[in-house]
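Each chain, written out:
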Amino acid sequence: MRGVFSAGVLDVFLERGFDPFDLAVGVSAGACNLASHIAGQHGRNRRCYMELMTSREFIDPRRLVRGRSMLDLDWLWARLAEREPLQVDLIATRPIEFVIVATARRTGRAIYLTPGAADMNPALKASSALPVFFRRRLTVCGEELVDGGVADPIPVEEAYRRGARRIVVLRSRPAGAVKKDGASERLMAWLLRREPALASAVRGTAAAYQRAVAFLATPPGDCRIVQVAPPAPLATTRTSQDLAALEHDYALGRGLADAAMLQWAQLSPTP
């Protein structure tokens, strides 16, 4: 749910016609936000967060204790398809490479997908399928996948490996925040103990996050980065259904977008 912050940033980017990128790399909710942005569907992300993801049909902790999915991605994707389908054909025709990060269930390693129109929605759902919280197994391109944030929560190094040297990174935590290995990760790893590779990846998520933060703090000499991050922890939590908190954090993202564009202009070789 904290992805509502970057939804605000991206809506302003669309309103300003700010589109200097030839590569977009997204993970989990961030990948979904980017997909709507690349398709030019202004406000779609906001409507998804405010009107659908706050519903009990999507988030219901009671289902978890019954052995069902606490986060019902199947319901969410079906409602979106009915109300406001993602314009996958537009994404496929845009001159931008769109990479969706997922985690391979079999190996626990990050997989970087560049799906076509037919595989776009399955890839986005797999990238968002947090283990334990979403129970159904998803297969894309012959591989069982889960949430990309398990193996590569901030895929800035992958962008650099692909040749990006001027990068905008949208965060959902303050720039200096470092994720720690908490009780929820340890519990998730224990629940996944029969899948040792995936359990190991879950235990390593905090370390992967810390490596990415270190890269952002001291990037290579030929790389320049603009971080768009909240100045303090967001009002929204991972599973928050509080409309006031969501509206606050969406507005916060909007409020920081212009400063990010100005920083980008200062990095650019031309006006």
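The structure presented is a predicted model; accordingly, all values stated were derived computationally and were not measured.

Calculation criteria
- Residues numbered from 1 in each chain as written.
- Predicted model: local features only at pLDDT ≥ 70, side-chain atom pairs only at ≥ 80, totals over all residues.
- Heavy atoms only, no water.
- Helix = DSSP H or I, 4+ residues; strand = E, 2+ residues; numbered from the N terminus.
- Rg over C-alpha atoms; globule rule 2.2 N^0.38 Å.
- Buried < 20%, exposed > 50% of the residue type's maximum accessible area, 1.4 Å probe, protein only.
- Contact = heavy atoms within 4.5 Å.
- Lys, Arg positive; Asp, Glu negative; His and termini not counted.
- Charge placed at Lys NZ, Arg CZ, Asp CG, Glu CD.
- Salt bridge = Lys/Arg side-chain N within 4 Å of Asp/Glu carboxyl O.
- 1 Å grid on protein atoms, 1.4 Å probe; cavity = no way out; pocket = protein on both sides within 12 Å on 5 of 7 lines; lining within 4 Å.
- Points joined across faces, edges and corners; volume = space filled by probe spheres on them.
- Nonpolar A, V, L, I, M, F, W, Y, C, P; charged D, E, K, R; others polar.

## Here's the deal with the overall build of the protein chain
Thought 1: A tally of helices and strands in the protein chain yields 12 helices and 7 strands.
Thought 2: For the protein chain, whose C-alpha radius of gyration is 18 Å, the value lies close to the compact-globule estimate of 18 Å for 271 residues.
Thought 3: Structurally, the protein chain occupies a C-alpha span of about 55 × 40 × 35 Å along its principal axes.
Thought 4: Sorting the 271 residues of the protein chain into buried and exposed places 52% on the buried side.
Thought 5: Taking as baseline every contact in the protein chain between residues at least 6 positions apart, the subset at least 24 positions apart corresponds to 74%.
Thought 6: Side chains of the protein chain carry 36 positive and 28 negative charges; the gap between the two charge centres is 6 Å.

## Observations regarding the environment of Phe13
Thought 1: Position of Phe13 among the secondary structure elements: in helix α1 (residues 4-16).
Thought 2: For Phe13, a relative accessible area of 2% puts it in the buried group.
Thought 3: Residues Phe13 and Arg105 lie 92 residues apart in sequence; the distance between their C-alpha atoms is 34 Å.

## Structural notes on the pattern of salt bridges
Thought 1: Evaluated as defined, the whole model comprises 19 salt bridges.
Thought 2: Residue Arg137 pairs with Glu195 through a salt bridge whose shortest N-O separation is 3.4 Å. You can see Arg137 sitting in the loop between α7 (120-127) and β4 (138-140) and its partner Glu195 sitting in the loop between α9 (183-191) and α10 (196-203), a full 58 residues away along the chain.
Thought 3: Between Asp222 and Arg165 there is a salt bridge; the shortest N-O distance is 2.8 Å. Of this pair, Asp222 sits in the loop between α11 (205-217) and β7 (224-228) while Arg165 is found in the loop between α8 (156-161) and β6 (166-170), placing the two residues 57 residues apart along the sequence.
Thought 4: Asp222 sits in the partly exposed class, given a relative accessible area of 42%.
Thought 5: Three or more residues are tied together by salt bridges with common partners; here these are Glu15, Arg16, Arg254 and Asp258.

## Concerning the side chain of Arg63
Thought 1: With respect to the element layout, Arg63 can be found in helix α4 (residues 61-65).
Thought 2: For the buried Arg63, no salt bridge is present, and the opposite-charge side chain at shortest range is Asp60, 4.2 Å distant.

## Observations regarding the layout of surface pockets
Thought 1: Estimates place the volume of the second largest pocket at around 210 Å³.
Thought 2: Along the walls of the second largest pocket sit Arg105, Val132, Phe134, Arg135, Arg137, Leu191, Leu192, Arg193, Arg194 and Glu195, which together make up its complete lining.
Thought 3: Each residue belonging to the lining of the second largest pocket can be placed in one class, and the counts come to 4 nonpolar, no polar and 6 charged.

On their own, these measurements won't tell you what the molecule is for.
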